[in-house]
Amino acid sequence: MNSGVLELRNKLDSALQQAASVAELENLKVEYLGKKGSVTALLKEMGKLSPEEKKSFGSEVNALKDYAAQAIADKAELLQKLELQKELDAVEEFDISMPPVLDRGSYHPVTLVQRKCEEVFRTMGFTVEDYSEIVTDYECFESLNIPKFHPARDMQDTYYLDNGQLLKTQTSAAQNAIYKKYKDALINEGKPIKAVFPGRCFRNEATDACHENTFFQMEGVMVGKDISIANLIYSMKTMLSEVFENYGLKVRLRPGFFPFVEPGFELDISCQICGGEGCPSCKHSGWLELCPCGMIHPNVLREGGIDPDVYTGFAFGLGLTRLAMMKYGVKDIRDLNSGSLTAMSQFFDDK
Ligand code: DAH
């Protein structure tokens with residue numbers, strides 16, 4: 001065998017013996033078989049040889065080439081096996097005869113009330129809409145009759161993005177888009193708009209047992225010809241009776257100000273704990289404040305492309321987080337966003 005070929009083969013053998021990782025083998029491959037590798041360099045020496053020498057030298061170099069490729073691949077396979085075995089050895093042994101841990105999860109209380117509300121509204125012919133959490137100032141405020149510098153904005157400071165968009169402070173932010181989506185069917189086909197849109201809202205607020213910077217609401221609107229406060233009361237009463245599974249539930253309206261409704265109301269329900277008799281939970285009034293609502297302001301309808309002289313409608317903003325707290329007796333709102341299974345497991349059920 002040619003001395004150069006032999007020398008290179010011996011060098012390769014000892015390098016292979018020392019290689020301890022797949023990564024090292026990759027380097028060896030390049031070092032020997034790459035374009036600028038040592039085997040390739042041997043071939044370049046052929047020019048200096050006589051025709052007979054060329055023949056035997058060529059076949060020896062080619063054999064070395066095949067040998068190197070195979071030897072590197074074999075060693076790689078071996079190392080891979082060893083590495084796998086090392087990983088397997090590191091895994092703790094487990095006892096397959098141990099009984100399984102059957103801790104089942106459940107839907108979050110807010111999800112449960114949200115689904116319940118959606119189900120009830122669907123049966124009343126409402127569509128359920130999805131809406132972005134990041135909205136524009138126009139969607140969240142301007143289109144809702146809350147111009148820039150309106151004092152109502154003070155109550156709804158939020159998180160602003162660098163591009164001027166913001167995290168929505170209220171599900172009302174979807175109203176304008178919903179009107180625009182369905183106005184043609186309303187105007188041309190006389191189809192009333194009936195939609196609810198649940199969503200997560202954000203406010204820059206200090207948190208305590210009753211306040212959170214992140215909470216859920218469900219907005220609802222109904223727009224058509226001759227929609228009145230009677231429709232509002234009926235829809236709310238039906239929905240709340242179903243959610244609380246209390247068909248004797250009473251509602252009442254008190255005046256309340258919200259720039260996007262006129263008149264605006266606070267809707268109360270008879271206290272679910274004392275049945276209206278008066279107890280500490282309802283501050284002995286017999287009523288619980290539940291859901292702000294009202295008749296949609298003409299400016300808001302107009303901004304959505306709907307003529308307020310022809311159509312009227314109602315809107316409400318149900319606090320889903322609040323509703324979940326009432327329904328499941330959650331005392332601290334922060335538990336709901338805590339992600340703590342210990343706190344939440346008390347509300348787990350089989351649903
Ligand atoms: N968006 C209001 C808030 O978060 C709640 C609200 C009030 C919604 C009255 C309505 C409404 O649709 O009619 O404070």
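Residues numbered from 1 in each chain as written. Predicted model: local features only at pLDDT ≥ 70, side-chain atom pairs only at ≥ 80, totals over all residues. Heavy atoms only, no water.

**Q** Describe helix α8 (residues 229-243), listing the residues and the values that go with them.
**A** Across its 15 residues, α8 extends 21 Å between first and last C-alpha, which sits within 8% of the 21 Å expected from 1.5 Å per residue. Restricting attention to buried positions, one finds in α8 the residues Leu232, Ser235, Met236, Met239, Leu240, Ser241 and Val243. (Helix = DSSP H or I, 4+ residues; strand = E, 2+ residues; numbered from the N terminus. Expected span 1.5 Å × (residues − 1). Buried < 20%, exposed > 50% of the residue type's maximum accessible area, 1.4 Å probe, protein only.)

**Q** Describe the site of the ligand, naming the residues involved and giving the relevant values.
**A** Around the ligand there are 16 residues in total, and Gln170, Ser172, Arg203, Gln217 and Glu219 lie nearest to it. Within the side chain of Ser172, a nitrogen or oxygen atom sits 2.8 Å from a nitrogen atom of the ligand. Contact distances for the ligand include 3.1 Å between an oxygen atom and a backbone N or O atom of Ala315. In terms of residue class, the shell around the ligand is made up of seven nonpolar, seven polar and two charged. (Near = heavy atom within 4 Å. Polar contact = N/O pair within 3.5 Å; in protein donor to acceptor, adjacent residues only side chain to side chain. Nonpolar A, V, L, I, M, F, W, Y, C, P; charged D, E, K, R; others polar.)

**Q** Break down the packing of helix α5 (residues 109-123) against α8 for me, citing the residues and quoting the values.
**A** As a packed pair, α5 and α8 sit with axes 10 Å apart at the nearest point and diverge in direction by 135°. On the basis of the axis angle, α5 is oblique to α8. Considering the relative orientation of α5 and α8, their crossing is right-handed. Between α5, through Lys116, Cys117, Val120 and Phe121, and α8, the contact on the second element is made entirely by Met239, Glu242 and Val243. When the residues that make up the contact of α5 with α8 are grouped by side-chain class, the tally is five nonpolar, no polar and two charged. (Axes fitted to C-alpha atoms, helices over the stretch in contact; angles between N-to-C directions. Parallel < 35°, antiparallel > 145°, perpendicular 65-115°, else oblique. Left-handed = near helix turned anticlockwise from the far one by under 90°. Contact = heavy atoms within 4.5 Å.)

**Q** Residues and numbers for the packing of helix α2 (residues 22-33) against helix α4 (residues 51-90), please.
**A** For the pair α2 and α4, the least separation of the axes is 9 Å and the interaxial angle reads 175°. Here α4 runs roughly antiparallel to α2, going by the angle between their axes. Contacts from Val22, Leu25, Leu28, Lys29 and Leu33 of α2 reach α4 at Lys65, Ala68, Ala69, Ile72, Lys75, Ala76, Leu79, Gln80 and Glu83. Taken together, the residues of the contact of α2 with α4 break down into nine nonpolar, one polar and four charged.

**Q** Tell me about the packing of aromatic side chains, and name the residues and values.
**A** Tallying each qualifying case throughout the model produces four aromatic pairs. Taking 4.9 Å as the distance between ring centres and 70° as the angle between the ring planes, the aromatic pair formed by Phe121 and Phe126 counts as edge-to-face. Just as Phe121 is buried, Phe126 falls in that class too. The rings of Phe121, Phe126, Phe314 and Phe316 are connected pair by pair, giving a single aromatic cluster. Its end group placed over the ring of Tyr67, Arg9 keeps NZ or CZ at 3.9 Å from the ring centre. Directly above the ring of Tyr107 sits Arg115, whose terminal nitrogen or CZ lies 4.2 Å from the centroid. (Phe/Tyr/Trp six-rings, centres within 6.5 Å; stacked < 30°, edge-to-face > 60°. Lys NZ or Arg CZ within 6 Å of the ring centre and 35° of its normal.)

**Q** Please give an account of the pattern of salt bridges that cites residues and values.
**A** On inspection of all chains with the given rule, the structure shows 13 salt bridges. The closest approach of N and O atoms between Glu133 and Arg200, which form a salt bridge, is 3.1 Å. Residue Glu133 is located in the loop between β1 (127-128) and β2 (134-135), and its partner Arg200 is located in strand β4 (residues 193-202); the two are separated by 67 residues in the primary sequence. Owing to a relative accessible area of 30%, Glu133 belongs among the partly exposed residues under this scheme. The residue Asp137 makes a salt bridge to Lys148 at a minimum N-O spacing of 3.6 Å. On the criterion of sequence distance, the pair formed by Asp137 in helix α6 (residues 137-140) and Lys148 in the loop between α6 and β3 (166-167) is long-range, its members being eleven residues apart. On the basis of relative accessibility, which here comes to 16%, the residue Asp137 falls in the buried class. Its relative accessible area of 47% is what places Lys148 among the partly exposed residues. (Salt bridge = Lys/Arg side-chain N within 4 Å of Asp/Glu carboxyl O.)

**Q** Quick rundown of the sheet that holds strand β5 (residues 214-224)? Include the residues and the values.
**A** Spatial ordering of the open sheet is given by β1-β4-β5-β9-β8-β7-β6, a layout of seven strands whose pairing is mixed. The open sheet is flanked by β1 and β6 (251-255), the only strands paired with a single partner. Examined bridge by bridge, β1 and β4 share two bridges and lie parallel to one another. Pairing of Thr127 across the sheet is with Ala195, part of β4. Strands in contact with α5 are β1, β4, β5 and β9 (312-319); relative to β5, the strand with the most contacts, it is inclined by about 5°. (Pairing = 2+ DSSP bridges.)

**Q** Can you explain helix α7 (residues 175-189)? Please cite residues and give values.
**A** If you check α7, its first and last C-alpha atoms are 20 Å apart, about what 15 residues at 1.5 Å a residue would give, namely 21 Å. Considering bend angle alone, the principal kink of α7 is centred on Tyr182 and spans about 50°. Buried residues of α7: Gln175, Asn176, Ile178, Tyr179, Ala185 and Leu186, and no others. On its buried face, α7 is in contact with α6, β4, β5, β8 (287-296), α9 (298-303) and β9. (Bend = angle between axes of the 7 residues up to and from the residue.)

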